Each structure stands twice: as structure tokens, then as C-alpha cells.
2 protein chains.
Amino acid sequence: MQRFRVRYQVKASAANIEARAQALAIEQSVEMPLSAIHDAELMHTVVGRVETIAPTDAQHFAVTLSLAPETTGFEIGQLLNMLFGNSALHEDLRLEDIELPEAMLARFPGPACGIAGLREQLNAPQRPLTCTALKPQGLPPQALAQLAARFAQAGIDLIKDDHGIAEQHFAPFAQRVPLIQAAVAQANERHGTRSLYVPNLTGGPAHLLEQMRIAKDVGIKAVMVAPMISGISVLSTLREHGFIVLAHPALLGIARMDPALVLGKLFRLAGADAVIYPNHGGRFGFSPACCQRIATFARAPWGLHKAICPVPAGGMHPDRLAEVIAFYGPDVMLLIGGALLDAPDMDRAATDFVQRAAHLSPAYTP
Amino acid sequence: MQRFRVRYQVKASAANIEARAQALAIEQSVEMPLSAIHDAELMHTVVGRVETIAPTDAQHFAVTLSLAPETTGFEIGQLLNMLFGNSALHEDLRLEDIELPEAMLARFPGPACGIAGLREQLNAPQRPLTCTALKPQGLPPQALAQLAARFAQAGIDLIKDDHGIAEQHFAPFAQRVPLIQAAVAQANERHGTRSLYVPNLTGGPAHLLEQMRIAKDVGIKAVMVAPMISGISVLSTLREHGFIVLAHPALLGIARMDPALVLGKLFRLAGADAVIYPNHGGRFGFSPACCQRIATFARAPWGLHKAICPVPAGGMHPDRLAEVIAFYGPDVMLLIGGALLDAPDMDRAATDFVQRAAHLSPAYTP
């Protein structure tokens, strides 16, 4: 199979960049002295190769390595390990981008639903999608269920657990999920809406599998997980279990990996259908260019993998809807949480959110 | 239960540090406008509190928050989420340290074996422990098994998979683990050694559980995992399954979290028995002070949790044994990989490694 490429930004001087790039190629492949490798075939395939080195400014170089696809075992966690495992510990490096040949792309699961599947499920062929969060942690299951019912009545597409809601005694998964799911189903039936409740999955392997079982049992169609906490491979597992998958960016240290690469490409490759990230101008420091890059990576053609839904969030306010839709186009999911909860009339704010999202959609040219 | 404390380094001006600290307390707890919280009890407990703010230099402050232990659900992944989930996305922050009250500490699993259990298993009551790695990925199971047998004959305590060895077609887990385990057992029997083979566990939840089953079936006692890739909660699962647990630092972005906190405290709290990290003066940029801090966090009294074994690694050479043992004392595991494989006479280098580790041990005053 054709090799895949990985680009890093490397801080180095012109005098030592070649040695640094060669050390990087070894660190990210065999991680041992080449003099101790006696197998010519292995040396030719498994050992990383420096393909290009190009200066980007006085202190930095763009270094592109090529690696053997077989070293990933075609598993997303091991891919991440091959991209940045040991090198995440090096302060002079930043992981920038990857280029995977078609044959390799096809070996990863990728999203089962993507934007198209979400639109079908929600019966929303064109308009921007909407999302909100059940908060704060500390509320009992009944209070969360009442909140969810009001959001469902307003017609918000996805009603997710706050990512801080896990297995605390306030509202354990096995208690809250059936209750909230029933409340949303009842509101949907009564008001003709199609809202989906999206519980947050957490914990170790057996615990995650048990949560999936509970979720399946009560008819949950979509779930959320924070892949940098739970392990990125969990995304692929959720996809295999037939869930629509919403990825949360918690614990993603943006300083050392390009957030667009992780959120837009790797989470997509692992099987996420929609990816939450902090929009520019909110509580976090992502730039408009970075947000655009995330959305591009999430939606651009990439092998046969379905486009996935960007979910800009993090302190979004309904006042910004027109601007956000103009920025992203209609293939977007708008996530507003605290600003709805804080509105003088929450039910009206939620209904307005839904109606404006449906009507603000501009003509879109991707 | 008494609240726990989290310390961050915050880049801010004197004029805005109070507002920044307050925003941080909200982000890491309820993540919503306080004006929308109507439950007084919840406001008093679940909402994060700014406890202290102290300037550290002209641009930075040390901010200490207190949070309610109940928000963690006493689960290690959720603890990490409460410490740095959303705030990992903020560039002006660094997670520095935690202070957990005794009652909270006792609710986390912590290591089952720790240094004491490792020493008992290896029949090595006092001397520094030794470790090496099977490399490179790309070798077939038979070649890895032969390599492992030679290291076992030399008497190296732990013989681990390279962290790059996962589920590639070169040597899938189900094929290599029984073969290598048998080779090590045979060498132990023949030469009177007590080496343990430590396979690397990878992949999603069901896959990890299946690997644990295979490992148990063939009598594996110790396993390795990279918690930042597999999910930190996997450490607790491995502990529950009765394995001795070796934690690998891959994907730990040191720029945004104190590595000593993650490696020495959080991995210990999650149940690791030994923790690998790049030693100062090797291929990585950890300072002597940082390495000392990791070792201190790993071994200092901390509630009732057993001390765990620091495993300095990352380009270590046998020439440095005396220096490393003088630095850490005998409660250490010495991990030498590539330098053994690259030695003119590997078997002799491995035997020398074991013998020098046994005899260099200085008088140790912790």
C-alpha cells in the first residue's frame, strides 16, 4: 500500500533541521537505533522516511514524513500513536496535517451517518441543525427530564447532556437516561417534533459497553463522548453499535496538535457524525481561520467517508445566529446552551432559536 | 465531603485576573451563567469557587479553585474532565496540581501492587528494577519471542512490547502474546529467572476486554497501556482485572498540563503500578526538576495509596546507570531498549545491565 504522509512544524536551526527530521522519523516509527535493524524489508517499509523539509520562517520548518499504513493496523488509536505518540512529549514540535492514500482511508470506519444521515433522521433536508445542552450537573434526573421536554417542545434537534454530566450520584446514567428519553419521546409525540436526546458516555471499557446497552434498550439513537478522555477508539465502537455519534473536544490540548486535524479529520476517520468545538468569538480562543479549517476538514470530500456536521459552540448566543450561518452555511449544527437557560423566557428563547435557524439559512456555496 | 483543590497557572493582567479566575471556576464546574441556576444547594456545592489568587511573575498568577468531590463521580476520567476538560482548549492556562482530601482519595482505586507488589512479584526486595522493550514493530511473533527469551535469560525484570506494537498484521496480539509468554516462561524455568512479559494493550472497549481475556488465559501478570490514547479509565479497569499495570506517556502534551501531575498523581490514582516517562538527558526535554517531581509524586505518601514505580526511559544508555540510580535511589525501574538492541553483543549487554542494576544501588534516603 502507498505510504501516508504526516506534516509537522518543527522549531530548529538550518544547521540541525536535517538531523532533527531524521530523529523524528525514527521516533514515530521504530524508535530504536537503525544500526540494530537487520531486516532489509522492515527497514524499507516500517522505518519512517523524511520526504520534504521546507523553511516556513526564520525559526521553523515544515517537515513531512512518510510512514507505512500497515504500522497503524488500521485502528484509529494506533494511527494517533503513529502520528504523535512519543513526539507529543517534544516541545519543539506541532502536529499539523496528514495525507492518507485512498486505499488506507477506506480501511478506517469513518462516519456511518454524517450530515446526510443526521438530516434524514431529523427530517431536515436543508436548514441548519440545532442543539442544546442539559445543565448544570447537580440537577436530579427529573429536573433534567423536564428541561429536555421543554427543549423538545421547542423543536431543538439534538438535546445533549452537558459534558460534565457523567456518573455522579446526582443523576446516574441508568436513572437519568430512560427518564429523559421518555420525556423527549412524549414531547415529540405531543408536539410533532423529532428531537433526539443525546446522553454523554463515560468511564472504562466495560462501563462504556454497559452504557451502550442501556442506551440501546431505551431507544437512544445518538450519543456523545469526549474522545480525548475516553480514548479515540471509542468513536469507532459507538459507530459499530449503530449510534449517531457526537464528539466533544474536552481535554484536547490545542497547543501541540492542530485542532482542525484532530477534530475535523481524526474524529471523522474514527466515525464521529458531528463534532463540537469552540466557535470563534465565544469563550475560547479559536480563530475564524481555525474554525473554517475545522468545518472544511469535516465536510470536504475525503475518500468515500461521509461529510460530518460541524457544531460550533462554547458561549454561543442567539444574537449571533445570522452571522454563524453566514460563516458556515446550512450544513452546520448550532449549539446554544447557557444562553437559552439564562433567557428571561426559556421556552420562547428555545422556540425562537429553532425558528430563526430554519429561516436564516442563506444560499450556500461550499 | 471536604472540597478538593485545583491549581492553575493563568496568564493575565492584574486588572482582569479576578474575572478570569471566576470564569475558570464556572467553566470547570457548571459551564453556564450563574444567573440561570436557581437551586441554592447546587450553587453552594457544584459551582466552582475561587479560593486563592497569587501573582507568580509579572504576567502570571497561580489560581486555586475548589470543586465538589461529588462532581467527579469518583471516576478517574471524569476527574480529569473536571480538572481540565474544557479549559484544555484555553491557551492562557496550565494545569499545575491538585490537592484531594483523604476521604476523596480513598474513593479512587489507586494501585493494587505498587512498588511493594512489584518487588514481591519479582523477588527483588531492594535493588533497582530493570525493564526493556521488544522492538521494532514489523518483526513477526517468532522473532519477538526469541528476543524476549534472550532478555529473560539475562534476567531483566520486565520485558515489554514497544508501545508501537499494537494490532498490526506483523504480529497480532492473539498470535504474539501466547508465543512470547511461553518463550519467557521457558527461559525463566531454564535459567532460574523471574522475568515478566508485559504486552501492550490497545483499541476500543470490546477489543481491550478481549485482549485482557487472552492475556489472563496465557498467564500474563503485567500489562502496559498508553492512558492518554486508550482513555485514562482503562488503568482502573486493568487494576480491577488483577493485572500489574505499566503506564506509557504517549500523546501526553506536556505543554498544557504539568507532566508530573498526570504521570505521578493521576495515573497513580487510576491504578497504575509503574509509570514510564522520558528521563532528563535522553531524547526528550524533561528537566531534572520535572523528573524529580514525577518520582516524588509517584512515591510520596498519598492517602492510603501504595507508592508506584518511576520508570525513567527514552534513550537511556547503560553508561548512565550509576547516575540514574544515584538520582532516583533504588525504588526505580530502569528501562533500556534501543541501546541493548544496538550493543555489539546483545546478550552480554543485557546481562551486564541486570548485574550492574543489582550492585550499583546506593544507600537511599527518600
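Trainee: Got a minute to help me understand the overall build of chain A in this structure?
Mentor: Counting its regular elements, chain A contains 15 helices and 12 strands. With the C-alpha coordinates aligned to their principal axes, the bounding extent of chain A is approximately 70 × 40 × 35 Å. When burial is assessed residue by residue, chain A has 63% of its 366 residues classed as buried. Partitioning the contacts of chain A with sequence separation of at least 6, the portion at a separation of at least 24 is 74%. When the accessible area of chain A is evaluated, it comes to approximately 12800 Å², of which 52% is carbon and sulfur surface. Positive and negative charge centroids in chain A, built from 30 and 33 side chains respectively, lie 5 Å apart.

Trainee: Quick question: what am I supposed to make of the layout of surface pockets here?
Mentor: A probe as big as a water molecule, rolled over the atoms, marks out the empty space that is left. Taken as a whole, the largest pocket spans an internal volume of roughly 470 Å³. Lys 135, Arg 283, Gly 314 and Gly 315 of chain A together with Glu 31 of chain B are the residues nearest the centre of the largest pocket, which is lined by 32 residues in total. Counting residues per element, the ones that place at least two in the lining of the largest pocket are strand S10 (274–278) and helix H14 (338–341) of chain A together with helix H1 (17–27) of chain B. Top element by residues in the lining of the largest pocket is H1 of chain B. It accounts for five residues. Of the residues belonging to the lining of the largest pocket, the class tally is 16 nonpolar, nine polar and seven charged. Estimates place the volume of the second largest pocket at around 410 Å³. Glu 31 of chain A together with Lys 135, Arg 283, Gly 314 and Gly 315 of chain B are the residues nearest the centre of the second largest pocket, which is lined by 29 residues in total. For the lining of the second largest pocket, the secondary structure elements donating two or more residues are helix H1 (17–27) of chain A together with strand S10 (274–278) and helix H14 (338–341) of chain B. Here the residues of the lining of the second largest pocket sort into 16 nonpolar, seven polar and six charged.

Trainee: How should I be thinking about the nonpolar core in this particular structure?
Mentor: Inside soluble globular proteins, nonpolar side chains tend to come together where they are buried. By size, the foremost hydrophobic cluster in this structure holds 237 residues, and its most contacted members are Phe 151 and Phe 267 of chain A together with Phe 151 and Phe 267 of chain B. Not counting residues up to four positions away in its chain, the partners in contact with Phe 267 of chain B are Pro 227, Met 228, Ile 232, Leu 235, Ala 247, His 248, Val 262, Ala 272 and Val 275 of chain B.

Trainee: Looking at this structure, how should I read the packing of helix H3 (residues 76–84) of chain B against helix H11 (residues 259–270) of chain B?
Mentor: Relative placement of two packed helices is described by the angle separating their axes and the distance separating the axes. All names here are of chain B. Contact pair H3 / H11: the axes reach a minimum separation of 9 Å and the direction vectors enclose 145°. Counting all contacts with H3, which are made through Ile 76, Leu 79, Leu 80 and Leu 83, the residues of H11 involved are Leu 266, Leu 269 and Ala 270. When grouped by side-chain class, the residues that make up the contact of H3 with H11 number seven nonpolar, no polar and no charged.

Trainee: Could you clarify how one ought to interpret H3 of chain B in this entry?
Mentor: A turn of α-helix holds 3.6 residues, and therefore any two residues three or four places apart point the same way. All names here are of chain B. Within H3, nine of the nine residues are buried, leaving the element largely enclosed by the surrounding structure. Within H3 the residues assigned to the buried category are Ile 76, Gly 77, Gln 78, Leu 79, Leu 80, Asn 81, Met 82, Leu 83 and Phe 84. The N-cap residue of H3 is Glu 75: its side-chain oxygen and the backbone nitrogen of Gly 77 are 3.2 Å apart.

Trainee: What am I meant to see in the relation of the copies chain A and chain B here?
Mentor: One copy of the chain maps onto the other through a rotation about an axis plus a displacement along that axis. Once chain A has been moved 0.0 Å along the axis and rotated by 180°, it coincides with chain B to within an RMSD of 0.0 Å. Here the two chains are linked by the operation of a two-fold rotation axis.

Trainee: What am I meant to see in the packing of aromatic side chains here?
Mentor: Applying the stated criterion across every chain, the model contains six aromatic pairs over all chains. Ring geometry for Phe 327 of chain B against Tyr 328 of chain B: centres 4.8 Å apart, planes inclined by 75°, an arrangement best described as edge-to-face. The partly exposed category is assigned to Phe 327 of chain B, whose relative accessible area is 25%. An aromatic cluster of at least three residues, connected via ring pairs, comprises Tyr 277, Phe 327 and Tyr 328 of chain A. In this structure, Arg 107 of chain A is placed above the aromatic ring of Phe 74 of chain A, and the distance from its NZ or CZ to the ring centre is 3.9 Å. Lying over the aromatic face of Phe 297 of chain A, Lys 265 of chain A brings its terminal NZ or CZ to 4.4 Å of the ring centre.

Trainee: For this particular structure, what's the right way to read the environment of Phe 74 of chain B?
Mentor: All names here are of chain B. If you trace the backbone, Phe 74 turns up in the loop between strand S3 (60–67) and H3. Among the residues examined, Phe 74 registers a relative accessible area of 15% and is labelled buried. Along the backbone, Phe 74 and Leu 129 are 55 residues apart, and their C-alpha atoms lie at a distance of 32 Å. Discounting residues that sit within four places of it in the chain, Phe 74 has contacts with Met 1, Pro 69, Met 104, Arg 107 and Phe 108.

Trainee: What exactly am I supposed to notice about the domain arrangement of chain A here?
Mentor: Size of an interface, as often reported, equals the accessible area lost when the parts are brought together. Residues and elements named next belong to chain A. By the assigned domains, chain A splits into domain 1 (4–105) and domain 2 (114–359). A separation of 34 Å is found between the C-alpha centroids of domain 1 and domain 2. Taken together, the contact pairs 22 residues of domain 1 with 19 residues of domain 2. Carbon and sulfur atoms make up 60% of the surface buried where domain 1 meets domain 2, a total of about 1600 Å² over both sides.

What counts as what
Residues numbered from 1 in each chain as written. Chains lettered and ligands numbered in written order. Predicted model: local features only at pLDDT ≥ 70, side-chain atom pairs only at ≥ 80, totals over all residues. Heavy atoms only, no water. Helix = DSSP H or I, 4+ residues; strand = E, 2+ residues; numbered from the N terminus. Buried < 20%, exposed > 50% of the residue type's maximum accessible area, 1.4 Å probe, protein only. Contact = heavy atoms within 4.5 Å. Areas by Shrake-Rupley, 256 points an atom, 1.4 Å probe, with all protein chains shown as cover. Lys, Arg positive; Asp, Glu negative; His and termini not counted. Charge placed at Lys NZ, Arg CZ, Asp CG, Glu CD. 1 Å grid on protein atoms, 1.4 Å probe; cavity = no way out; pocket = protein on both sides within 12 Å on 5 of 7 lines; lining within 4 Å. Points joined across faces, edges and corners; volume = space filled by probe spheres on them. Nonpolar A, V, L, I, M, F, W, Y, C, P; charged D, E, K, R; others polar. Core = buried A, V, L, I, M, F, W, Y, C linked by side-chain atoms within 4.5 Å. Axes fitted to C-alpha atoms, helices over the stretch in contact; angles between N-to-C directions. Polar contact = N/O pair within 3.5 Å; in protein donor to acceptor, adjacent residues only side chain to side chain. Least-squares fit on C-alpha atoms with pLDDT ≥ 70 in both. Phe/Tyr/Trp six-rings, centres within 6.5 Å; stacked < 30°, edge-to-face > 60°. Lys NZ or Arg CZ within 6 Å of the ring centre and 35° of its normal. Domains from an automatic or database assignment. Buried area = accessible area lost by both parts, 1.4 Å probe.

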